[in-house]
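So the chains spell out like this:
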Amino acid sequence: MTDPRDAELRRPTERLPRVNERVNEPVVEEVVERRDDTYRKVRTVHSVCAVIDIVCWAFAIVLLVHIFLVIADANTTNGFFQFVAGWADGITLGLDGLFTPASPKVAVLFNEGLAAVLWLLIGTLLTSLITRLALPVDHRRAWYRRTTVRP
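Below is a summary of the structure that appears in this document. What you see is a predicted model, and the numbers here were worked out from it, not measured in a lab. (Residues numbered from 1 in each chain as written. Predicted model: local features only at pLDDT ≥ 70, side-chain atom pairs only at ≥ 80, totals over all residues. Heavy atoms only, no water.)

Quick word on the overall build of the protein
For the protein, the count of helices and strands is four helices and zero strands. Listing each helix as α and each strand as β along the protein from the N terminus yields α-α-α-α. By the burial criterion, 21% of the 151 residues in the protein qualify as buried. Across the protein, every contact between residues at least 6 apart in sequence was considered, and the portion connecting residues at least 24 apart equals 62%. If you sum the accessible surface of the protein, you get close to 12,700 Å²; carbon and sulfur atoms cover 61% of it. (Helix = DSSP H or I, 4+ residues; strand = E, 2+ residues; numbered from the N terminus. Buried < 20%, exposed > 50% of the residue type's maximum accessible area, 1.4 Å probe, protein only. Contact = heavy atoms within 4.5 Å. Areas by Shrake-Rupley, 256 points an atom, 1.4 Å probe, with all protein chains shown as cover.)

What follows is the structure, given as structure tokens:
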């Protein structure tokens, strides 16, 4: 036994006009031309910003790994520890002796923790400055955009 509603569901439907579409008005298509020089510039700026982000995040992660190894009392003669400590010594931004608490673990936590936060801030500021200065206006991020809805 078939349900009478099945026939209604299978019948072809006609195309309904969209909400703001006028039925007899011709369709106007917008053609967007891509300017290769603008596209190349935007792609280059985004690539440079991505490299800056990757480098700054890598430096912050190396510092955080070194902090973890020092606090966890890792073996200082281990090759991995020496590798991380060598990198951490080179990227602390001169903050090695800024804080001098009694415990050397706390000193490493404060000094290299501050350096890691500064690397993240440096990366954020550099990429923000580069995108604001180098990108065309229509490709920049909008921090605040006021929209007006008109009937």
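Brief notes about the packing of helix α2 (residues 36–71) against helix α3 (residues 79–90)
Here α2 crosses α3 at 130°, and the two axes come no closer than 9 Å. When the axis of α2 is compared with that of α3, the two are oblique. Crossing angle aside, the handedness with which α2 passes α3 is left-handed. Facing Phe-59, Val-62, Leu-63, Val-65, His-66, Leu-69 and Val-70 of α2, the residues of α3 in contact are Phe-80, Phe-81, Val-84, Ala-85, Trp-87 and Ala-88. Partitioned by chemical class, the residues of the contact of α2 with α3 number twelve nonpolar, one polar and no charged. (Axes fitted to C-alpha atoms, helices over the stretch in contact; angles between N-to-C directions. Parallel < 35°, antiparallel > 145°, perpendicular 65-115°, else oblique. Left-handed = near helix turned anticlockwise from the far one by under 90°. Nonpolar A, V, L, I, M, F, W, Y, C, P; charged D, E, K, R; others polar.)

Note that every value here comes from positions in space, so none of it alone points to a role or purpose.
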